[in-house]
Structure formats: C-alpha cells, structure tokens
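Coordinate analysis (summary)
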Amino acid sequence: MKNRKDELVANLEEVRGRISEAASRAGRSPDEITLIAVSKTMPVADILALWEVGQRDFGENYVQEWRDKVDELPDSIRWHYIGGLQSNKAKYLANRVTLIHSIDSKSAVKELIKRSEVAPEILVQVNTGNDEAKGGIEPDAALEFVTQASEIGARVRGFMTIPPFDREAIPYFREMKGLFDSARKEMPELDILSMGMTSDFETAIELGATHIRVGTAIFGKRG
Ligand SMILES: *Cc1c(COP(=O)(O)O)cnc(C)c1O
C-alpha cells in the first residue's frame with residue numbers, strides 16, 4: 001500500500017489533470033482556474049505534504065479548527081475561509097486569510113472591516129435556487145449587497161455558490177454565471193467566481209468558475 005503522502009500527491013495530480021481537461025473542453029487555460037484544496041477535518045501533516053509539492057491555496061470551514069492548525073503551517077499558504085461566518089468570529093480571520101468566500105451578512109462584513117488593516121477581500125455567497133436550508137444572499141439582492149459592502153470598505157472580488165446537494169448543478173452554475181456576468185458590466189473589478197466541488201468541479205469549470213473548492217477528491221472521504 002502507498003503511504004499517505006504518495007496517495008495525496010497522486011490525488012492532487014489527478015485532480016489537476018481533470019482541471020486541465022475540463023478547461024481545454026471549454027477553450028480556457030488551466031491557469032485561469034485556482035484549485036483550493038479543502039482541508040477541513042484533515043491533519044496538518046496532510047496539508048504540509050501537499051504544500052511540499054507546490055499546492056498553495058487551502059480552504060477551511062471552521063474558525064477554531066483552522067486556528068489550531070495555522071500556526072504550525074507555512075506563511076506562504078493562501079487560506080480561503082469557506083464556512084459559515086458568525087460576526088463574532090470575524091476578528092480571527094481579519095488580516096490572516098486571503099479570501100473569505102462565504103459572506104452573506106452585513107454584520108460580518110462590518111466586523112471584518114473594523115478588524116482589518118487593509119480592505120478585506122470577500123466573495124458574496126449567493127443562494128442560487130433560493131434553497132431555504134442554505135446560507136447566502138438571494139440572487140435578486142446580490143448586486144445591491146455587493147455595492148453596499150464595497151461602499152463600507154470591503155474589497156468584493158466576486159461570488160461563491162453551493163448548489164443544492166441533491167440536484168443537478170448545471171442550472172445553478174448557469175444562474176450564478178449569468179449574475180456574475182451582469183455584475184461585471186457595472187463592476188469590472190469583480191474577477192472571482194467560486195463554484196464547483198468534488199462532485200461537479202469539471203462542470204463548474206466548463207460553466208465559468210475561476211476558483212474551485214475540492215476536498216474529497218484530494219484527501220479522501222471525511223471521517
Ligand atoms: C466541504 C466543502 C467543500 C469541499 O467538498 P468536497 O465535496 O469534499 O470536495 C467545498 N465547498 C464548501 C463550501 C465546503 O463546505
């Protein structure tokens with residue numbers, strides 16, 4: 001049996017290969033796509049093994065878990081916070097993470113701004129499909145939210161979405177891409193579209209994702 005490090009590196013290479021193929025099917029360059037390795041519940045050793053072969057973008061969902069790991073890991077890691085964010089936790093992320101993907105409340109934005117030395121970079125999470133069980137701003141309200149968050153001092157880079165787990169993702173990715181394109185007409189500085197996970201990242205790339213968040217295909221199933 002292969003050791004854990006070989007397994008992780010092989011998985012990463014396989015995912016990178018699939019990214020390239022999906023990009024080429026869509027007439028895009030793989031360089032346009034940032035792969036975020038979602039390391040929630042995974043140990044520091046796994047993250048280091050991937051860092052050693054050049055992976056730099058990692059995603060975490062739980063503030064406390066991330067805080068427990070971050071001090072043992074290299075500063076060159078670009079951390080993406082992708083979990084639900086209560087405003088009382090925002091202070092731990094300010095100045096320390098590269099991008100927060102999961103913004104859906106004004107109070108979290110305000111708290112981040114208050115605690116940050118430079119404008120915090122955020123994505124607005126959009127509840128495509130208006131799924132009541134999920135976080136995110138309703139699609140109809142997303143543009144206004146971007147404007148307001150920018151006005152109070154956040155650097156909004158774009159959008160993130162998680163389609164409903166039990167349904168075909170394509171219509172939700174299309175809806176998100178449509179919203180992204182129309183927002184960019186007014187705000188050309190928006191340049192990030194975060195969508196696609198293990199089960200659907202190739203589809204997301206074909207439909208315009210710039211950032212994909214992949215956990216299981218790299219690390220294996222979470223316990
Ligand atoms: C856990 C998680 C992922 C990764 O999911 P996989 O199916 O394991 O690839 C991506 N995005 C978010 C928001 C997550 O919570």
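Residues numbered from 1 in each chain as written. Predicted model: local features only at pLDDT ≥ 70, side-chain atom pairs only at ≥ 80, totals over all residues. Heavy atoms only, no water.

All right, on to the overall build of the protein then. Secondary structure summary: the protein contains nine helices and eight strands in total. Against the compact-globule benchmark of 17 Å for 223 residues, the protein has a radius of gyration of 17 Å, which places it among compact chains. Projected onto the principal axes, the alpha-carbon positions of the protein cover approximately 55 × 40 × 30 Å. Of all 223 residues assigned to the protein, the portion counted as buried reaches 50%. Of all intrachain contacts in the protein linking residues separated by at least 6 positions in sequence, the fraction that spans at least 24 positions is 52%. Roughly 10,700 Å² of accessible area belongs to the protein as shown, and the carbon and sulfur atoms make up 47% of that amount. With 30 positive and 36 negative side-chain charges, the protein shows a separation of 2 Å between the mean positions of the two kinds. (Helix = DSSP H or I, 4+ residues; strand = E, 2+ residues; numbered from the N terminus. Rg over C-alpha atoms; globule rule 2.2 N^0.38 Å. Buried < 20%, exposed > 50% of the residue type's maximum accessible area, 1.4 Å probe, protein only. Contact = heavy atoms within 4.5 Å. Areas by Shrake-Rupley, 256 points an atom, 1.4 Å probe, with all protein chains shown as cover. Lys, Arg positive; Asp, Glu negative; His and termini not counted. Charge placed at Lys NZ, Arg CZ, Asp CG, Glu CD.)

Around the ligand, a shell composed of V38, K40, N61, I82, I162, M197, T198, R213, V214, G215, T216 and R222 is seen. Within the backbone of G215, an N or O atom sits 2.8 Å from an oxygen atom of the ligand. For the ligand, whose accessible area on its own is 390 Å², the fraction buried by protein is 89%. The pocket occupied by the ligand, as judged from atoms lying within 2 Å of grid points, is the largest pocket. Its residues placed into classes, the shell around the ligand shows five nonpolar, four polar and three charged. (Near = heavy atom within 4 Å. Polar contact = N/O pair within 3.5 Å; in protein donor to acceptor, adjacent residues only side chain to side chain. 1 Å grid on protein atoms, 1.4 Å probe; cavity = no way out; pocket = protein on both sides within 12 Å on 5 of 7 lines; lining within 4 Å. Sits in = over half its atoms within 2 Å of the grid points. Nonpolar A, V, L, I, M, F, W, Y, C, P; charged D, E, K, R; others polar.)

Another point: the side chain of S39. With respect to the helices and strands, the residue S39 is situated in the loop between strand 1 (34-38) and helix 2 (44-52). Its relative accessible area of 0% is what places S39 among the buried residues. Here S39 is in contact with I47, F58, G59, E60, E65, K69, W79 and F219, once residues within four sequence places are set aside.

We now examine the pairing of strand 8 (residues 211-214). Note on strand geometry: in a regular strand, side chains alternate between the two faces of the sheet. Residues H211 and R213 line one face of strand 8 and the alternating positions I212 and V214 line the opposite face, and both faces are buried. Bridge count between strand 1 and strand 8: four bridges; the pairing is parallel. By the bridge assignment, I36 is partnered in strand 8 with R213. (Pairing = 2+ DSSP bridges.)

Size it by volume and the largest pocket reaches roughly 470 Å³. Forming the boundary of the largest pocket are 23 residues, of which K40, I162, F165, M197 and R222 lie nearest the centre. Of the residues contributing to the lining of the largest pocket, the split by class is 11 nonpolar, seven polar and five charged. Space inside the second largest pocket adds up to approximately 200 Å³. (Points joined across faces, edges and corners; volume = space filled by probe spheres on them.)

In the sheet, strand 2 (residues 57-60) pairs with strand 3 (residues 78-81) via four bridges, with the strands oriented parallel. Bridge pairing links G59 to H80 in strand 3. Chirality of the crossover, the property in question, places the unit of strand 2, helix 3 (residues 63-70) and strand 3 among those that are right-handed. Pairing analysis gives two bridges linking strand 3 to strand 4 (residues 99-103), with the strands arranged parallel. Bridging across to strand 4, Y81 finds its partner in I100. (Right-handed = clockwise from strand over helix to strand, strands pointing away.)

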